[in-house]
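Below are the chains, spelled out letter by letter.
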Amino acid sequence: MPLIKNNEFVDNAFRHIADEEALPDGAIVVSLKRWHAERDALMARNAPIALRLSSDQSPEAIGADVHHFAMIELEFPKFKDGRGYSWARLLRQRLNFKGEIRASGDVLRDQWLFMSRCGIDAFEVDPGTRIEDFRTALTEQTVFYQPASDRVATVLELRHKTHSSSQRASVAAE
Amino acid sequence: MYRYDEFDQKIVDERVEQFRGQVARRLTGELNEDQFKPLRLMNGLYLQLHAYMLRVAIPYGTLSSRQLRMLAHIARKYDKDYAHFTTRQNLQYNWPKLADIPDILADLATVEMHAIQTSGNCIRNVTSDHFAGASADEVDDPRVWSEIIRQWSTFHPEFSFLPRKFKIAVTAAPKDRAAIKVHDIGIVIRRDASGTLAFDVYVGGGQGRTPFVAHLIGEGIQAGDLLAYLEATMRVYNQYGRRDNLYKARIKILVHQIGPEEMRKQVAAEFVEVKAQGALALPQAEIDRIQAYFAAPAFETLRDDALLAQQKAQNKAFAAWHDINVSPHKMPGYAIVTISLKPIGGVPGDASADQMDLVADLAETLSFDEIRVSHEQNLVLAHVKQSDLLVLWQKLDAAGLATANYGLITDIIACPGLDYCDLANARSINVAQAVSKRFADLDRQRNIGELKLKISGCINACGHHHVGHIGVLGVDKKGVEFYQITLGGSGDETASIGDIIGPAFAENEVADAVESLVDLYLNLRQPGERFLDTYRRTGIQPFREKLYAAH
Ligand code: SF4
């Protein structure tokens, strides 16, 4: 799957590792189950590690371990399954996760902006996706009522001039 | 009433342009219907039995004359000269063409209206008391808080793909005219001992397949914390609401399964976290800003009108309409007028473009330029001088809008049913019409007194049958339309879900069945009892016996 980050196609540095598969060298993504089972061995490796969460797995259970991960992948099995939006906000705002949060699975073009507002900053997209479409989708709406993980100035802050900047800031810029 | 500032306007305008692009991609075939469906559903556009249906939001049921005229204009230009007011304070156009929808939305945006979040699994149009700002029993104008909630819930990035749709209703009066206890979240605003506003948050009410009355989950929430509390509730629901079964996905099922005590605990814990972030705290400056829009209009200092008694004595029809459709106003010399959209034998909630224009004109000249849409599918002029009532009645009467039946048995709520809706099991409109004609006689209706009859064409309960004093539900028996009757439901502050009385009736038996129930009530009632009171006193048994005695 092509991967978009910071408005560009980028290479995917992480290899998906199935639960039974032997651990290769290099950057890998493992399931929460495998993380629980082999935490020490995984931490002893000398390469970036990422975690993938299915849509029914809350990141809250990971607690302070979250900072061991270079990336957390949130799976969206169906576009209607919106739990990942809450997981992303919890990761950014409660667990203070600064690494990449990646959305994979069934994601619609019109969901990218919502996801981005919730703190997701990397997107697996269908082959054939045009980068212009992605960029347009992220700029079709520019005014927002709610405070979210992107910390963009809300309408309330603009109205009452209580926000220092009206620029969208990327909280997870590395 | 609220007016958009540059930010509100930009949000709506950007949405129109975005949808214009989406429709264009659909029309060229770049998107197929499957890909287009989730997009159109984010904009209130449904594909019904015969055509597209566009559902326009009327936030908390308040319209200006200019807005109502635009709704009439759209009905004329893009539809068949009429539109339908729903039980959710929305308006539906039944016959728009897909290619016209972007222009319709652009027209709506010019009068600060939209169709955002009138469908989809998101927070829907916030509903409220249609007597807001006019009734003496309220502690504050609930529309202030409805507007605050409307803004917070519009394009909420986290809560636009919930397990299921989500409905919030707000009242600020002890008499609940907004049916808040059968909403996903119902908010009661009151004043605490020190006179400060406090918000009681009821969660998990709803109708549909598994009806529940909501539980009090958040008690006495402070104004500045309201959005934080709502965000906490939504987050608990978004995480733990069921997604494996469409029929078990509403928040009422979650509350039922974990219990109100556990729900309270989970929301309270999340509330602490959200509050700690601080970003959702409502600044007093914003509350003041919105409150200013809902400041009372420039009422004159009047006394209750002396001429009224004489006018009533001289005109029996006016007198009846006055007794039934006019409610007391908080200011002396003023009155609240309900314009019934339930003419005898008509389609509940439908209004023609001409009627909408007329009501807009009347509101402009006689009611401070403001119209309300009630969840009971009527229109309300909330601030009419008593001395203008006769003139108002004459103009309404000439346009077929002076039906005197507010709260009576022919003031029927009915969903569109099988005439339009592709989810329906049976028609609703025909049953409403049959019952309405049967009880057309006004003296008879008045003798019966308050009786809320509500009809849904399927278990989704858009016609609120679960909370009808008499509820009628269309069911399908081997391809034939049948109707199940429930008794004793109520959507007010004493909310209850109706009990099923027994086997369903054929279409042509429903009016007879309703008639025998009403006759029995007239025999059983004690002085001062409404149908609902008698039913609550006697229970279902006598009604059941009477209804099925002949079978
Ligand atoms: S109750 Fe059923 S038939 Fe009536 S409008 Fe709702 S979904 Fe359609």
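Conventions used here
Residue indices follow the written sequence of each chain, beginning from 1 at its first position. The naming scheme follows written order: chains are lettered A onward, ligands numbered 1 onward. Local features are withheld for residues below a pLDDT of 70 in this predicted model, meaning they are given only at 70 or higher, and side-chain atom pairs are given and counted only at 80 or more; totals for whole chains, interfaces and linings count all residues. To get the side-chain values, take all heavy atoms of the structure and skip hydrogens and water. Where each domain starts and ends comes from a domain assignment, either automatic or drawn from a database. It only takes one pair of heavy atoms within 4.5 Å for two residues to be counted as in contact. We define a salt bridge as a contact between a side-chain nitrogen of Lys or Arg and a carboxyl oxygen of Asp or Glu at a distance within 4 Å. Residues adjacent in sequence count toward polar contacts only when both atoms are side-chain atoms; beyond that, a polar contact is any pair of N or O atoms within 3.5 Å, and within protein one must be able to donate a hydrogen and the other to accept it. For this classification, Asp, Glu, Lys and Arg are treated as charged, while Ala, Val, Leu, Ile, Met, Phe, Trp, Tyr, Cys and Pro are nonpolar and the rest, including Gly, are polar. Summed over both partners, the accessible area (1.4 Å probe) lost when two parts come together is defined as the buried area. Throughout, near means a residue has at least one heavy atom within 4 Å of the molecule or strand. Buried Ala, Val, Leu, Ile, Met, Phe, Trp, Tyr and Cys residues that are joined via side-chain atoms within 4.5 Å together make up what is termed a nonpolar core. Buried residues are those whose accessible area, probed at 1.4 Å on protein chains only, stays under 20% of the maximum for their type, while exposed residues exceed 50% and partly exposed ones sit between those limits. Starting at the N terminus, helices and strands are each numbered in turn, a helix being any DSSP run of H or I of at least four residues and a strand any DSSP run of E of at least two. Note on pairing: DSSP must find at least two bridges between two strands before they are called paired. Axis geometry follows a simple rule: fit a line to the C-alpha atoms, using only the stretch in contact for helices, then measure angles between N-to-C directions, giving values from 0 to 180 degrees.

**Concerning the domain arrangement of chain B**
All names here are of chain B.
Right, on to step 1. The domain boundaries assigned to chain B delineate domain 1 (6-109), domain 2 (134-293), domain 3 (308-398) and domain 4 (413-549).
Right, on to step 2. The C-alpha-based centres of domain 2 and domain 3 are spaced at 32 Å.
Right, on to step 3. Counting residues at the interface gives 7 residues for domain 2 and 9 residues for domain 3.
Right, on to step 4. At the surface where domain 2 touches domain 3, the tally comes to 1 salt bridge.
Right, on to step 5. A salt bridge links Glu370 to Arg143; the nearest nitrogen and oxygen atoms lie 2.9 Å apart.
Right, on to step 6. Counting every contact that joins domain 2 to domain 3 gives 3 residue pairs in polar contact (both at pLDDT 80 or more).
Right, on to step 7. Residue composition of the side of domain 2 that touches domain 3, by class: 4 nonpolar, 1 polar and 2 charged.

**Here's the deal with the interface of chain A and chain B**
Right, on to step 1. Between chain A and chain B, the contact holds 34 residues from the first and 42 residues from the second.
Right, on to step 2. When the two sides are added together, the surface that chain A and chain B hide from each other amounts to roughly 3,500 Å², 55% of it contributed by carbon and sulfur.
Right, on to step 3. Of all residues in chain A, Phe114, Tyr145 and Arg159 of chain A bury the most surface against chain B, accounting for 20% of the area lost on that side.
Right, on to step 4. Viewed at the interface, chain B and chain A are joined by 9 salt bridges.
Right, on to step 5. The salt bridge partner of Glu30 of chain B is Arg130 of chain A, with a shortest N-O separation of 3.9 Å.

**Here we look at the site of the ligand**
Right, on to step 1. Lining the immediate surroundings of the ligand are Cys415, Pro416, Gly417, Cys421, Leu423, Ala424, Ser456, Gly457, Cys458, Asn460, Ala461 and Cys462 of chain B.
Right, on to step 2. A class-by-class count of the residues in the shell around the ligand yields 8 nonpolar, 4 polar and no charged.

**Considerations on the nonpolar core**
Residues and elements named next belong to chain B.
Right, on to step 1. With 166 residues, the main nonpolar core has Leu71, Trp145 and Trp321 as its most contacted residues.
Right, on to step 2. The greatest single-element share of this core, amounting to 9 residues, is contributed by helix H6 (residues 226-240).
Right, on to step 3. Sequence-distant contacts of Leu71, defined by excluding residues within four places in its chain, comprise Val56, Ile58, Leu63, Leu91, Tyr93, Leu108, Met113 and Met356.
Right, on to step 4. Val435, Phe439, Phe505 and Val518 belong to the second-largest nonpolar core, a separate cluster that totals 32 residues.

**A word on the sheet that holds strand E4 (residues 28-31) of chain A**
All names here are of chain A.
Right, on to step 1. Taken in spatial order, the 8 strands line up as E2-E1-E8-E7-E6-E5-E4-E3 in an open sheet, and their pairing is mixed. Pairing within the sheet leaves two strands with one partner each, and these edge strands are strand E2 (8-10) and strand E3 (15-16).
Right, on to step 2. Sheet topology note: the strand E1 (residues 3-5)/strand E8 (residues 122-124) ladder contains 3 bridges and is antiparallel. What sits directly across from Lys5, in E8, is Ala122.
Right, on to step 3. Along the sheet, helix H3 (residues 83-94) contacts strand E6 (71-76) and strand E7 (100-105); its crossing angle with E6, the most-contacted strand, is approximately 165°.
Right, on to step 4. The strands touched by helix H5 (residues 131-139) within the sheet are E1, E2 and E8, with E2 carrying the most contacts at an inclination of about 125°.

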